[in-house]
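Here is how the chains run, residue by residue.
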Amino acid sequence: MTTLTDPPKESFRLSQLIYDTRYRSLTIQVVAMFLLVLALSWLVSNTIQNLAALGKDFDFGFLTNVAGYDINQRLIEYDSTSTHGRAALVGILNTLLVAFLGCILATVIGVIAGVLRLSKNWIIARLMTVYVEGFRNVPLLLWIIVIFAVMTESTPSPRDFREGGSASMMLFDSIAVSNRGVYVPAPIWAEGSAIVVAVFLLSLVGIFLFRRFARARQEATGQILPVGWVALGLFFGPALIAFFLMGRPISLEYPELGGFNFTGGIQLRNSLIALWLALSLYTGAFIAENVRGGILAVSKGQTEAAFALGLRPNRTMSLVILPQALRVIIPPLISQYLNLTKNSSLAIAVGYMDVRSTLGGITINQTGRELEGMLLLGLFYLITSLVISGVMNIYNNSVKLKER
Amino acid sequence: MKKSVFLGALTVAGLAAGVAGAATLDDVKARGALNCGVTTGLVGFAAPDANGNWDGFDVGVCRAVAAAVLGDPMAVNFVPTTGQTRFTALASGEIDLLARNTTWTFSRDVDLKFEFVGINYYDGQGFMVPKSLGVSSAKELDGATVCIQTGTTTELNLADFFRVNNISYEPVPIETNAEAQQQYLAGACDVYTTDASGLAATRASFENPGDHVVLPEIISKEPLGPLVRHGDPEWGDIARWTLNALIAAEELGITSANIEELSAGTNNPEINRILGTEGELGAMLGLDAEWAKRAIMAGGNYGELFEKTIGENTPIGLARGLNAQWTDGGLLYTPPFR
């Protein structure tokens, strides 16, 4: 009678897949994956089947066909004989334009409103609260339409600018604010203007280098150089000198009333301005809250320490508080930029020809390629969002708390 | 073996889906209401009145089809669509019939896979300007700002017209007729262009219609008609012959006033066939014998519908013009009911 036996042989039973913790998680993952693939393949086959039932195919060839429609705001050459692909490109550029302008203005508005909302001045702080709550809690589409309606209804039409009309141009007859947009002078680049521009760009580099030099010197010796004045001088000086040396190659083309509309100059269409303002004000309200949260996240002791060192409130904010607040502000700011970019697809409400209106609107309507168009549109917004968050993540890494 | 069973099941499922999708008539009957796509509001063609009841020329087509199929002209769910959303709504099956002054074109018929069932209004694209502009011809519109509904044929015609005449313009795209009206009246555009009938209807709703003129140029052919999806010819036939019945009724003198009297039997065999007292036309469509009678009673014959909604005695004041019967020098000519 032996009590000693061989250890039981490891045998694998099917039930172990569920009851044995060593295998369970793997089983669940495999089943989940299988179901996911099944659902996806059902979606795809369903789409193919329905397309076949409608007698439609899946083809991106329509992008090379003639579009046949006109677009009012185009940053690249385009007319009604161009292709649908080019029309989509015009729309993409328009989307990127309004998103870019919007992100900048929204940041400016958001930072100012966020800081002012913490102001000790009761009226300013309350005003900012009204702004933030007003814009945050009303749908964006309403703001876009309201701003657009105010701009078209309250501004004079071009024919009021005629002799004896009720409206007149501003700033020495150079800017006209009409219900079709704001007309501003356009620069005309004559021969030699490239040199002026090059000089200007070089002086920008100079400003940057001087600032670095001044900072290094301050850190080394404690002496403060007059950065502001030198930068101002560098900004205007060399470019102006080059401008006159080259015989004034850059001139301005003023908008003039001709026929039905103003001609010449640059037209900032009401649709662009309304969309830009609405997106910026709306997103700015959210950014203001991020900024306020970021500032409040910096301990009060920091402010008191800065004051004890004799720093003025302005410098305390810009040198002590904001740099520390940035690491809290940036990550939610990225989402706000993405929101703004995606929200710009509401452009059609005011007739702004963004990519949703060209590719996702007229092109789809004329060619009947809903699936292809929407997939392309989704792909565009996906790539744009990924690029924006990629760039912002790089910036975030540069400002985040450095553990030493 | 197992695999083939699976594939077989798939095929059967696919076929069943295809069949279910094709029989629009059964879907409509089962639902008890016709889903009809109309404009978001164009007075005279399709607009809700003060009580929320849709009324208008295109609405009349929807009601006639509902009356023919379901026996009740009020059994219609009106789905307002914009120039951009209408085709997707029809292709996806959200609506059974689109009656939204839609132009019959080759690419819409062939490439977009729709079936135009006829023409209920022969139209053309025109321009409307304020009288104060002093413009008398569309060719004087160089540099003008033009309001245009996106996703329409007028958008393409406009581009062609200005390119051919080598003059420039600034398009202001808008989504619905109401927005266009607001923009135009605010002076944000000099010109509003759409189908001439739409211009007349829009102008009729202005406070001072006399301050605006429609320019003489008609720059395109715009045959407007109701349409259905490809792939269900039976449903297309029902819509087509309902429209034809309205037109034929006017030609043959069947009106909502005398239809009861005529349906007792006449000595004109075509009237008898339309009204179902002779022949089997209704059964051939899969409907009962009195389908056309109900369609005509819904809003009257084509002429009555026209006069009631957009004719000369309405604020819109459109003349019959091309839309008169062929016997009166117009283009309306329905194939015989035989």
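The structure displayed is predicted, hence computed values, not measured ones.

Asks: Got a minute to help me understand helix H7 (residues 177-185) of chain B in this structure?
Replies: Taken together, the buried positions of H7(B) are occupied by Asn177(B), Ala180(B), Gln181(B), Gln183(B) and Tyr184(B). Positive phi shows up at Gly187(B), right after H7(B), with a value of about 80°.

Asks: Where do I start with the domain arrangement of chain B in this structure?
Replies: Residue and element names in this part refer to chain B. Here chain B is described as being made up of domain 1 (2-122 + 223-328) and domain 2 (125-220). Taking only C-alpha atoms into account, the centre of domain 1 sits 30 Å from that of domain 2. Taken together, the contact pairs 19 residues of domain 1 with 16 residues of domain 2. Note on domain 1 versus domain 2: buried area summed over both sides is about 1200 Å², and carbon and sulfur give 58% of it. Taken as a group, Leu42, Gln84 and Ile316 account for 29% of the area that domain 1 buries against domain 2, more than any other trio of residues on that side. Counting the contacts that link domain 1 with domain 2 gives 0 salt bridges. Between domain 1 and domain 2 we count 2 residue pairs in polar contact (both at pLDDT 80 or more) in total. Here the side of domain 1 that touches domain 2 gets 3 residues from one element, more than from any other, and that element is strand E5 (residues 97-103).

Asks: Help me out: how do you make sense of the state of the cysteines in this one?
Replies: One way to say it: the disulfide is the covalent bond shared by the sulfur atoms of two cysteines. All names here are of chain B. The final tally for this structure, using the stated rule, is 2 disulfides over all chains. Across the disulfide, cysteine 36 is cross-linked to cysteine 62 (sulfur-sulfur distance 2.0 Å). Its S-S torsion of about -65° marks the bond between cysteine 36 and cysteine 62 as left-handed, since a negative value means left-handed. One end of the pair, cysteine 36, is in strand E1 (residues 34-38); the other, cysteine 62, is in helix H3 (residues 57-70), and 26 residues separate them in sequence. Of the two residues, cysteine 36 and cysteine 62, neither departs from the other in class, the shared state being buried. Here cysteine 147 is linked by a disulfide to cysteine 189, with a sulfur-sulfur distance of 2.0 Å.

Asks: Even after reading the chapter, I still don't get the packing of aromatic side chains, so can you show me in this structure?
Replies: A full pass over the atoms with the stated rule returns 27 aromatic pairs over all chains. Seen in terms of ring centroids, Tyr282(A) and Phe286(A) are 5.2 Å apart; in terms of plane orientation they differ by 65°. Their pairing is edge-to-face. On the criterion of helical spacing, the pair formed by Tyr282(A) and Phe286(A) is a turn pair, its members being 4 residues apart in helix H8 (residues 270-297). Exposure remark for Tyr282(A): the relative accessible area of 15% places this residue in the buried category. Residue Phe286(A) is classed as partly exposed on the basis of its relative accessible area, which comes to 24%. Taken together, the aromatic side chains of Phe45(B), Phe57(B), Tyr121(B), Tyr302(B) and Phe306(B) make up a single cluster linked through ring pairs. Against the face of Phe306(B) rests Arg320(B), its NZ or CZ located 5.0 Å from the ring centre.

Asks: Any chance you could explain the sheet that holds strand E1 (residues 176-178) of chain A here in plain terms?
Replies: Pairing between the strands of a sheet comes from backbone hydrogen bonds, and it takes one of two forms, parallel or antiparallel. Residue and element names in this part refer to chain A. The strand order E1-E2-E7 describes an open sheet built from 3 strands, whose pairing is antiparallel. With one partner strand each, in any of the chains shown, E1 and strand E7 (266-269) form the two edges of the open sheet. Taken over all neighbouring pairs, the strand axes of this sheet differ in orientation by 15° on average, direction set aside. Looking at chain direction, E1 and strand E2 (residues 181-184) are connected through 3 bridges and run antiparallel. Bridge pairing links alanine 176 to tyrosine 183 in E2.

Asks: Help me out: how do you make sense of empty space enclosed by the protein in this one?
Replies: Empty space among the atoms becomes apparent when a probe as large as a water molecule is rolled across them. In the structure shown here, the tally under the stated rule is 3 cavities of 30 Å³ or more. Looking at the largest cavity, its volume works out to about 240 Å³. If you go around the largest cavity, you meet 24 residues; those closest to its centre are Arg100(B), Asn101(B), Gln149(B), Thr194(B) and Asp195(B). Sorting the residues of the lining of the largest cavity by element identifies E5, helix H6 (153-164), strand E11 (191-195) and helix H8 (196-204) of chain B as the ones contributing at least two each. At 3 residues, the largest contribution of residues to the lining of the largest cavity is made by E5(B). Of the residues contributing to the lining of the largest cavity, the split by class is 2 nonpolar, 16 polar and 6 charged. Counting residues domain by domain, the lining of the largest cavity receives three or more from each of domain 1 (2-122 + 223-328) and domain 2 (125-220) of chain B. When its volume is computed, the second largest cavity comes out at roughly 60 Å³. Every residue along the wall of the second largest cavity is listed here: Asp70(A), Ile71(A), Asn72(A), Met353(A), Ile362(A), Ile148(B), Glu155(B), Leu158(B), Tyr169(B), Pro171(B) and Pro173(B).

Definitions and limits used
- Residues numbered from 1 in each chain as written.
- Chains lettered and ligands numbered in written order.
- Predicted model: local features only at pLDDT ≥ 70, side-chain atom pairs only at ≥ 80, totals over all residues.
- Heavy atoms only, no water.
- Buried < 20%, exposed > 50% of the residue type's maximum accessible area, 1.4 Å probe, protein only.
- Helix = DSSP H or I, 4+ residues; strand = E, 2+ residues; numbered from the N terminus.
- Domains from an automatic or database assignment.
- Contact = heavy atoms within 4.5 Å.
- Buried area = accessible area lost by both parts, 1.4 Å probe.
- Salt bridge = Lys/Arg side-chain N within 4 Å of Asp/Glu carboxyl O.
- Polar contact = N/O pair within 3.5 Å; in protein donor to acceptor, adjacent residues only side chain to side chain.
- Disulfide = S-S within 2.5 Å.
- Phe/Tyr/Trp six-rings, centres within 6.5 Å; stacked < 30°, edge-to-face > 60°.
- Lys NZ or Arg CZ within 6 Å of the ring centre and 35° of its normal.
- Pairing = 2+ DSSP bridges.
- Axes fitted to C-alpha atoms, helices over the stretch in contact; angles between N-to-C directions.
- 1 Å grid on protein atoms, 1.4 Å probe; cavity = no way out; pocket = protein on both sides within 12 Å on 5 of 7 lines; lining within 4 Å.
- Points joined across faces, edges and corners; volume = space filled by probe spheres on them.
- Nonpolar A, V, L, I, M, F, W, Y, C, P; charged D, E, K, R; others polar.

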